[in-house]
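Understanding the architecture of this molecule
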Amino acid sequence: QVQLVESGGGLVQAGDSLRLSCAASGRTFSSDAMGWFRQAPGKEREFVAAISWSGGSTYYADSVKGRFTISRDNAKNTVYLQMNSLKPEDTAVYYCAATGAVGAGNLLRRGNEYDYWGQGTQVTVSS
């Protein structure tokens, strides 16, 4: 029911910042929890960050805690990922995802909890 489109990726140098956006179309965005995942070539998809439907709870992977911030604007049907102090190991395709699950909490760290996925946006960080 929900379609997601990521944007904002690009090529940057270590220490730079980027802000990714994920725009939703269809219905139910305002009641969905949202997550960001990433996948580097030859590696498994990994959790990055998640936010509850109200924006009141956020979750982060240890590798990005203190550097990345997830937020949402339900009036614009958009979720954001602000990425600061980027490192070469952050290089990956970044995907946003949505789930209608209620009270999922830390289960939002698991990709199989999500119902909808975007097409991804490439982030490349050079040293």
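The coordinates are above.
Scope of this entry: the structure provided in the associated data block. (Residues numbered from 1 in each chain as written. Predicted model: local features only at pLDDT ≥ 70, side-chain atom pairs only at ≥ 80, totals over all residues. Heavy atoms only, no water.)

**Description of unusual backbone geometry**
One non-glycine residue, Asn77, lies in the positive phi region at around 55°. Phi at Ser85 is positive, roughly 50°, even though this residue is not glycine. Relative to the assigned elements, Ser85 resides in the loop between β8 (78–83) and β9 (92–99). Classification of Ser85 as partly exposed rests on a relative accessible area of 42%. (Helix = DSSP H or I, 4+ residues; strand = E, 2+ residues; numbered from the N terminus. Buried < 20%, exposed > 50% of the residue type's maximum accessible area, 1.4 Å probe, protein only.)

**Observations regarding the environment of Phe68**
Within the secondary structure, Phe68 sits in strand β7 (residues 68–73). In the structure, Phe68 is positioned 19 residues away from Ala49 in sequence and 8.2 Å away in space, judged by C-alpha atoms. Filtering out sequence-adjacent residues up to four positions away, Phe68 remains in contact with Arg38, Val48, Tyr60, Leu81, Gln82, Met83, Asn84, Leu86, Asp90 and Tyr94. (Contact = heavy atoms within 4.5 Å.)

**A word on the nonpolar core**
Counting residues in each nonpolar core, the largest one holds 36 residues, and the members touching the most others are Trp36, Leu81, Met83 and Tyr94. The residues touching Tyr94, leaving out its near neighbours within four places in the chain, are Glu6, Leu20, Trp36, Phe37, Arg38, Val48, Phe68, Leu81, Met83, Gly120, Thr121 and Val123. (Core = buried A, V, L, I, M, F, W, Y, C linked by side-chain atoms within 4.5 Å.)

**Some points on the packing of aromatic side chains**
Under the defined criterion, the tally for this structure stands at 4 aromatic pairs. When the centroid spacing of 5.6 Å and the interplanar angle of 75° are considered together, the rings of Phe37 and Phe47 count as edge-to-face. Here Phe37 is found in strand β4 (residues 33–39), whereas its partner Phe47 is found in strand β5 (residues 46–51), with 10 residues between them in sequence. The two residues Phe37 and Phe47 agree in class, both being buried. We note Arg45 situated over the ring of Phe37; from NZ or CZ to the ring centre the distance is 5.7 Å. (Phe/Tyr/Trp six-rings, centres within 6.5 Å; stacked < 30°, edge-to-face > 60°. Lys NZ or Arg CZ within 6 Å of the ring centre and 35° of its normal.)

**Some remarks on the sheet that holds β7**
Two pairing modes exist for strands in a sheet, parallel and antiparallel, and in both the strands are linked by backbone hydrogen bonds. Spatially, the 4 strands line up as an open sheet ordered β1-β3-β8-β7, and their pairing is antiparallel. Sheet topology places β1 (2–7) and β7 at the edges, where each strand pairs with a single neighbour. Averaged over all neighbouring strand pairs, the angle between strand axes comes to 15°, with direction disregarded. Note that β1 and strand β3 (residues 18–26) share 6 bridges and pair antiparallel. The residue bridging Gln3 from the neighbouring strand is Ser25, located in β3. (Pairing = 2+ DSSP bridges. Axes fitted to C-alpha atoms, helices over the stretch in contact; angles between N-to-C directions.)

**Quick look at the environment of Gln1**
Mapped onto the elements, Gln1 comes out in the segment before β1. Between the C-alpha atoms of Gln1 and Gly26, which are 25 residues apart in sequence, the distance is 5.8 Å.

**What to know about the state of the cysteines**
Linking two cysteines covalently through their sulfur atoms gives a disulfide. Scanning the entire structure with this criterion turns up 1 disulfide. Note on cysteine connectivity: Cys22 is disulfide-linked to Cys96, with sulfurs 1.9 Å apart. Disulfide Cys22-Cys96: torsion about the S-S bond near 50°, hence right-handed. Within this pair, whereas Cys22 is found in strand β3, its partner Cys96 is found in strand β9, the two being separated by 74 residues in sequence. Each of the two residues, Cys22 as well as Cys96, counts as buried. (Disulfide = S-S within 2.5 Å.)

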